Amino acid sequence: MRVRRCGIVMLEPAERVEFDLARLADGGLYKIIDWTAFAPHLGQAVTLAPAEAMALGEVSPSDWIEPSELPGDILGSLLAKGLLVEEGSEADARDQRVRGTDWRPTAAVMHFASRWRAAETEELQQQFIEKYQDELLDHLGPAPPAVRERASSANRVTLPPAARSPLDALLDGRVTCRNFDKERALTKADFAAVLYRAFGARAVDDYAPGVELLKKGVPSAGGLHPTEAYLLVRRVDDVEPGLYHYHPVDHALEPIRTLSLDEATALARRFVGAQPYLLDAQVFVIPTSRFRRNFWKYRNHAKSYRALILDIGHISQTLYLAATELGLAAFITAAVNEVDIEAAFGLDPLEEGPLAVSGFGIRAAGKSEVEFDPLHKVWPAV
């Protein structure tokens, strides 16, 4: 067999403190430097001994070498940890797919190192509060000011007020919802309208041979629109609860798996990290990025991953406004369990992955969870 280093790997030195009774005369404490390796094809971080980190840095990611060129114990350890790949192995195949997607290495590491599995946000928040208790603000310190001021009020150039328009009313009423109606179902017409306005293709353009671009209601780098819409439907008239993919050109649902309402709710809970105030939404929309679609043009580009994130932001705002116009409510959250979402929809994370979860539906008549509505356009002032 021959081996080489995986295509993308980043090492982070981390310090930990250990106690040794034999060093009690010097306080008993001593520091150790560990190395943490982040490699996208693994989907998880691994810890390296200093000798392993040094050896890994000497191995080429492009040239295959004979195993005899490395010490046997280090060779075995780095192969087991997946940072060295054997030619023709499954690890090699996964590594080849990362290489072939033309990721910017820093973006790939950030993306794959930030994915969650089975995390519960309320539990994490409670642990944080319990740790600091009454010292929470002392620990965090004061918040940065809401506005950065670069000139005194006397030196500011006052601008004329904008004339009120229907868009102002729409924006004023755009309030993130944490109180969804538990019993009512969304009409199929409203469901379809929000999907079309946020994700639907208004035109298909054959830009060049083999290059098809889409015109949507949101901007996208190069007109590529690499963001897909996967759906977890709970309560929509004439649509079975379950998992779907939205086809933006045909404006149609592609069924993936039918679920009971209880199963759909349980899956929603897993998707959004157990945020309880989101679980009654009638529809969950999971925007996923098809990496190769974007990186096909913007190869190993410093801004390509940022463009994917911008896409999600554009779509989120459009979804909010489309829902608000119909008297519906919406949300978006980045506190999601990406690994669980990928498993549910059968996504290969090396090809396509979620960056957030959004949703929409019917707002409840009463408010049990706090919502940020300072203009009181949704909830009257008390």
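Heads up: the structure comes first, above all this text.
Definitions and cut-offs
- Residues numbered from 1 in each chain as written.
- Predicted model: local features only at pLDDT ≥ 70, side-chain atom pairs only at ≥ 80, totals over all residues.
- Heavy atoms only, no water.
- Helix = DSSP H or I, 4+ residues; strand = E, 2+ residues; numbered from the N terminus.
- Buried < 20%, exposed > 50% of the residue type's maximum accessible area, 1.4 Å probe, protein only.
- Polar contact = N/O pair within 3.5 Å; in protein donor to acceptor, adjacent residues only side chain to side chain.
- Contact = heavy atoms within 4.5 Å.
- Phe/Tyr/Trp six-rings, centres within 6.5 Å; stacked < 30°, edge-to-face > 60°.
- Lys NZ or Arg CZ within 6 Å of the ring centre and 35° of its normal.
- Axes fitted to C-alpha atoms, helices over the stretch in contact; angles between N-to-C directions.
- Parallel < 35°, antiparallel > 145°, perpendicular 65-115°, else oblique.
- Nonpolar A, V, L, I, M, F, W, Y, C, P; charged D, E, K, R; others polar.
- Arc of directions from axis to C-beta.
- Core = buried A, V, L, I, M, F, W, Y, C linked by side-chain atoms within 4.5 Å.
- Salt bridge = Lys/Arg side-chain N within 4 Å of Asp/Glu carboxyl O.

## Re the side chain of Arg 363
With respect to the helices and strands, the residue Arg 363 is situated in the segment after β14 (357-361). Classification of Arg 363 by relative accessible area gives buried; the value is 16%. At 3.0 Å, the side chain of Arg 363 forms a polar contact with the backbone oxygen of Val 175. At 3.2 Å, the side chain of Arg 363 forms a polar contact with the side chain of Glu 371. Excluding anything up to four places from it in sequence, Arg 363 contacts Val 175, Thr 176, Cys 177, Asn 179, Phe 180, Asp 181, Leu 328, Ala 329, Glu 371, Val 378 and Trp 379.

## Structural notes on the packing of aromatic side chains
Per the counting criterion, the structure on display carries 10 aromatic pairs. An angle of 50 degrees between the planes, with centres 4.7 Å apart, marks the rings of Trp 103 and Phe 291 as tilted. With a gap of 188 residues between them, Trp 103 in the loop between α3 (90-100) and α4 (105-113) and Phe 291 in helix α10 (residues 291-295) connect regions that are remote in the sequence. A connected cluster of aromatic rings, assembled from ring pairs, spans Trp 103, Phe 112, Phe 291, Phe 295 and Tyr 305. Looking at Arg 174, its charged tip hangs above the ring of Tyr 320, at a distance of 4.5 Å from the centre.

## A look at the packing of helix α9 (residues 261-271) against helix α12 (residues 338-345)
Relative orientation of the contacting elements α9 and α12 amounts to 140 degrees, with a least axis distance of 8 Å. Taken together, the axes of α9 and α12 are oblique relative to one another. In this structure, α9 contributes Leu 267, Arg 270 and Phe 271 to the contact, and α12 contributes Asp 340, Ile 341, Ala 344 and Phe 345. Partitioned by chemical class, the residues of the contact of α9 with α12 number five nonpolar, no polar and two charged.

## What about α9?
For α9, the set of buried residues is Ala 264, Leu 267, Ala 268 and Phe 271. All buried residues of α9 lie within an arc of 105 degrees about the axis, which places them on one face of the element. Those residues of α9 hidden inside the fold are in contact with β8 (227-233), β9 (242-247), β10 (252-258), β11 (283-290), α12 and β14. Where α9 ends, the next residue or the one after it, Gly 273, has phi of about 60 degrees, a positive value.

## Re the nonpolar core
Within the largest apolar cluster, 50 residues are counted, with the highest numbers of intra-cluster contacts made by Phe 191 and Phe 360. Setting aside chain neighbours within four positions, we find Phe 360 in contact with Phe 180, Leu 186, Phe 191, Val 194, Ala 281, Gln 282, Val 283, Val 285, Leu 319, Ala 323, Ala 329 and Ala 330. The next biggest cluster of nonpolar side chains, apart from the first, holds 18 residues, and it includes Val 3, Ala 37, Ile 74 and Leu 78.

## Here we look at the pattern of salt bridges
Enumeration according to the criterion identifies 15 salt bridges in this entry. Across the pair Arg 292 and Glu 351 runs a salt bridge whose closest N-O atoms are separated by 3.3 Å. Highlighted residues: Arg 292 in helix α10 and Glu 351 in the loop between α12 and β13 (352-354), separated in sequence by 59 residues. Classification of Glu 351 by relative accessible area gives partly exposed; the value is 27%. A salt bridge links Glu 371 to Arg 363, with the nearest nitrogen and oxygen atoms 3.2 Å apart. For the pair Glu 371 and Arg 363, one class covers both residues: buried. Overlapping salt bridges bring together Arg 97, Arg 292, Asp 348 and Glu 351 as one network.

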